[in-house]
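The primary structure of each chain is shown beneath.
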Amino acid sequence: AGCVDGAPVRAYVRPEHLALTASSGGASGVDPAPSGVPAVEGAVVSSGFLGAHRRTVVRVAGGTQLTVQHAASLQFEAGERVALRFTGEPVAIEAA
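Residues numbered from 1 in each chain as written. Predicted model: local features only at pLDDT ≥ 70, side-chain atom pairs only at ≥ 80, totals over all residues. Heavy atoms only, no water.

1. Some remarks on the environment of Ser 73
Point 1. Inspection of the secondary structure assignment puts Ser 73 in the loop between strand S5 (65–71) and strand S6 (81–86).
Point 2. Here Ser 73 falls in the exposed class, since its relative accessible area comes to 61%.
Point 3. Taking the C-alpha atoms as reference points, Ser 73 and Ala 52, 21 residues apart in sequence, are found 8.3 Å from one another. (Helix = DSSP H or I, 4+ residues; strand = E, 2+ residues; numbered from the N terminus. Buried < 20%, exposed > 50% of the residue type's maximum accessible area, 1.4 Å probe, protein only.)

Next up, the structure:
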């Protein structure tokens, strides 16, 4: 079944298709994101090293946790405020 205008949906985004930056005033580094793309702010729950990448778990409003895969050179600490942006890559969507 397809999605209906105005109805809730689930969006599935791969961890590497989210860009993560320090929230305003942070000093962790900058990950490229398209200009003018809205951000969702959250707090880092954890971040782990995976060779050339890191996986960082971020808790956003409502308690939802999102996993972001990014360059290992960007390091974020638990509790740090960060901004998440969608990179524009394809997303799978289904009716909720």
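After that view of the structure, there is still more to cover.
2. Details of the environment of Ala 83
Point 1. Summarising the element assignment, Ala 83 is placed in strand S6.
Point 2. Setting aside chain neighbours within four positions, we find Ala 83 in contact with Ala 19, Leu 20, Thr 21, Ala 22, Ser 23, Ala 39, Val 40 and Glu 41. (Contact = heavy atoms within 4.5 Å.)

3. So, a nonpolar patch on the surface
Point 1. On the surface, Val 9, Val 13, Phe 86, Val 91 and Ile 93 cluster together into a nonpolar patch covering about 370 Å² of accessible area.
Point 2. Among the structural elements, Phe 86 can be located in strand S6. (Patch = residues over 30% accessible without salt bridge, like charges linked within 9 Å, V, L, I, M, F, W, Y side chains within 5 Å. Areas by Shrake-Rupley, 256 points an atom, 1.4 Å probe, with all protein chains shown as cover. Salt bridge = Lys/Arg side-chain N within 4 Å of Asp/Glu carboxyl O.)

4. Thoughts on the nonpolar core
Point 1. Formed by Leu 18, Leu 20, Ala 22, Val 44, Val 58, Val 60, Val 68, Leu 74, Phe 76, Val 82 and Leu 84, the largest nonpolar core amounts to 11 residues.
Point 2. Those elements that provide at least two residues to this core are strand S2 (18–22), strand S4 (53–60) and S6.
Point 3. Counting residues per element, this core draws most heavily on S2, which supplies three residues. (Core = buried A, V, L, I, M, F, W, Y, C linked by side-chain atoms within 4.5 Å.)

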